[in-house]
Amino acid sequence: MSSGKTRAIVMRETGGPEVLKIEDIDLPPPAAGQVQIHHAAVGLNFIDVYFRTGLYKAPNGLPFVVGKEGAGTVTAVGAGVTDFAVGDRVAYASSDGAYSVERNIETRHLVKVPEGISLETAAAMMLKGMTVEYLLNRTYKVGPDTVLLFHAAAGGVGLIAGQWAKALGATVIGTAGSDDKVKLALQHGYDHVINYRDDNFVERVREITGGKGVDVVYDSIGKDTFPHSLDCLKPRGMWVSFGNASGPVDSFSMSLLAQKGSLFATRPTLFAYIATPEELKACAESLFAVVQSNKVRINIPQTYPLADAGRAHADLEARKTSGTTVLIP
Ligand code: NDP
């Protein structure tokens, strides 16, 4: 049982990585419907940067403990909780407050981590891996006939996506921002990887596909790849805009989709795809299965102490990281 205090990265203002400071905070016993967990590891995600800069607003304002993804062990159980017990290994991807040593969390966010998957791996993959699950299986149904383009192929989401898409039999084209990242992506399922800092990715995609274009583009870059991503699509292809690493896409007229070939466009979020307990369970089980089968390996090239969350953010934004990153409390 906790001492009533813990440590967490508390954001008191929006801004650069320097606003992420570690503090002692109160930790009350878990309320009804909650458990208390001790984190083994916390996932670093680009969405944490959007909250830090203020692009996305903290739901209850400031101060705010940033972070949506973590894994740990249950240390206390609130009233009415019957499905989790002290000692359970658990993980989550959808509740603010992850950058902390210990925390209370509603059990509706939690899944139990199966044997054979470490808590560090779980913290590294829940948010990114469940994102890949819905992008490849539900936003667009990827299969052996699919030719797809996935930007930021060597990133956290990107390395999982390449392997999973390959396992589904697709032809997988990626982009990455350095030659080392190109090599890494090629080792993680991608058939072709374009260095989009050096090459025109629209021309290269046209060459690779014999002029046809791809069925679906997964674009988490936003501003810098718009509208070029649309020019990579076949007629009636789908543009999946799921992130803003370079800044948000500017407003555009719907008629652009007509001009570029009767395209479909969607702007999905993970949280809408795991909104019910049934969806969360199915999504997590699908991820656990693909990892336990070794079709998808979770690459964690970087770990930082939790207290160095600011440095981790700076490296993520400077495009210095590849694969997933975890913070260790
Ligand atoms: P990544 O590890 O992929 O890091 C982002 C990568 O984007 C960088 O490594 C870099 O790769 C590339 N990039 C291109 N331009 C820029 C730029 N101007 N500044 C910074 N990075 C740039 O992060 P995550 O795996 O955490 O997330 C990937 C994306 O997916 C993010 O945009 C995130 O918001 C989005 N996402 C969306 C979800 C949803 O449900 N909608 C859920 C989860 C993630 P390179 O150097 O190779 O270009």
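Here we summarise the structure given alongside this text. Sequence positions are assigned chain by chain, starting from 1 and proceeding in written order. The model is predicted, so local features are restricted to residues of pLDDT at least 70 and side-chain atom pairs to those at 80 or more, both for listing and for counting; the totals for chains, interfaces and linings are taken over all residues. Heavy atoms from the whole structure form the basis of all side-chain values; hydrogens and water molecules are not counted.

Time to look at the site of the ligand. Summary of the distance rule: residues count as near a molecule or strand when at least one heavy atom falls within 4 Å of that molecule or strand. Around the ligand there are 28 residues in total, and Tyr-134, Lys-181, Tyr-196, Leu-270 and Arg-319 lie nearest to it. Polar contacts, as used here, are pairs of N or O atoms within 3.5 Å; protein pairs need one atom able to donate a hydrogen and one able to accept it. Residues neighboring in sequence count only if both atoms are side-chain atoms. Taking Tyr-50, its side chain carries an N or O atom lying 2.8 Å from an oxygen atom of the ligand. Phe-242 places a main-chain nitrogen or oxygen 2.9 Å from a nitrogen atom of the ligand. In isolation the ligand offers 920 Å² of accessible surface; the protein chains occlude 93% of this area. Using a 2 Å cut-off from the grid points, one finds that the ligand occupies the largest pocket. Secondary structure elements are taken from DSSP: a helix is a run of H or I of four residues or more, a strand is a run of E of two residues or more, and numbering for both begins at the N terminus. Sorting the residues of the shell around the ligand by element identifies helix H1 (46–53), helix H2 (119–139), helix H3 (156–167) and helix H9 (309–317) as the ones contributing at least two each. When residue character is reported, Ala, Val, Leu, Ile, Met, Phe, Trp, Tyr, Cys and Pro are called nonpolar, Asp, Glu, Lys and Arg charged, and the others, Gly included, polar. Of the residues contributing to the shell around the ligand, the split by class is 14 nonpolar, ten polar and four charged. Domain segmentation is taken from an automatic or database assignment of domains. Of the residues that make up the shell around the ligand, three or more belong to each of domain 1 (5–125 + 299–328) and domain 2 (144–267). For accessible areas, the Shrake-Rupley method is used with a probe of radius 1.4 Å. Any residue's cover is judged against the shown protein chains and nothing else. The distinction between a cavity and a pocket rests on a 1 Å grid over the protein atoms alone: a 1.4 Å probe fits inside a cavity but cannot get out, while a pocket stays open yet meets protein on both sides within 12 Å along at least five of seven lines, and a residue with an atom within 4 Å of a point counts as lining. Each molecule is assigned to a cavity or pocket provided more than half of its atoms lie within 2 Å of the corresponding grid points.

This part covers the nonpolar core. One broad rule of soluble globular proteins: the nonpolar side chains tend to lie buried together. Take the buried Ala, Val, Leu, Ile, Met, Phe, Trp, Tyr and Cys residues and link them wherever side-chain atoms come within 4.5 Å; each set so joined is a nonpolar core. Any residue under 20% of the maximum accessible area for its type is buried, any over 50% is exposed, and the rest in between are partly exposed; the area is computed with a 1.4 Å probe on protein chains only. Among the nonpolar cores identified, the biggest contains 56 residues, and Met-126, Met-130, Leu-148, Phe-150 and Tyr-218 are the most heavily contacted of them. The element that contributes the greatest number of residues to this core is H2, accounting for twelve residues. Three or more residues apiece are contributed to this core by two domains, here domain 1 (5–125 + 299–328) and domain 2 (144–267). Among the nonpolar cores identified, the runner-up in size contains 34 residues, and Tyr-50, Ala-98, Leu-306 and Ala-312 belong to it.

Turning our attention to H9. Turn by turn, an α-helix covers 3.6 residues, leaving residues three or four places apart pointing in a common direction. Turning to H9, its buried residues are Ala-309, Gly-310, Ala-312, His-313, Asp-315 and Leu-316. The contact criterion used is simple: two residues touch if any of their non-hydrogen atoms lie within 4.5 Å. Turning to H9, the residues buried within the fold contact strand E1 (5–11), strand E2 (20–26), H1, strand E15 (302–305) and strand E16 (325–328). With its phi angle positive at about 65°, Arg-319 sits one or two positions after the end of H9.

Whenever a helix is involved, its axis is fitted only over the stretch in contact; in every case the axis is a line through C-alpha atoms, and angles between N-to-C directions fall within 0 to 180 degrees. One can describe the packing of H1 onto H9 by two numbers: an axis separation of 10 Å at closest approach and a directional angle of 105°. On the basis of the axis angle, H1 is roughly perpendicular to H9. Each of Phe-46, Asp-48, Val-49 and Arg-52 in H1 lies in contact with H9, whose residues at this interface are His-313, Leu-316 and Glu-317. Relative orientations are named as follows: roughly parallel for angles under 35 degrees, roughly antiparallel for angles over 145 degrees, roughly perpendicular for angles from 65 to 115 degrees, and oblique for any other angle.

Empty space among the atoms becomes visible once a probe the size of a water molecule is rolled across them. Grid points are joined across faces, edges and corners, and a volume is the space filled by probe spheres set on the points. By volume, the largest pocket is sized at about 1000 Å³. Considering the residues around the largest pocket, the lining is formed by 46 residues, among which Phe-46, Tyr-50, Ala-152, Ser-220 and Ala-245 are closest to the centre. Of all the secondary-structure elements, those providing two or more residues to the lining of the largest pocket are H1, H2, H3, helix H7 (270–273) and H9. Classifying every residue of the lining of the largest pocket by side-chain character gives 22 nonpolar, 17 polar and seven charged. For the lining of the largest pocket, the two domains that each supply at least three residues are domain 1 (5–125 + 299–328) and domain 2 (144–267). Its volume calculated, the second largest pocket comes out at about 480 Å³. Along the wall of the second largest pocket there are 22 residues; nearest its centre are Val-65, Asp-96, Gly-97, Arg-103 and Asn-104.

Note that all results are geometric; they support no functional claim without further evidence.
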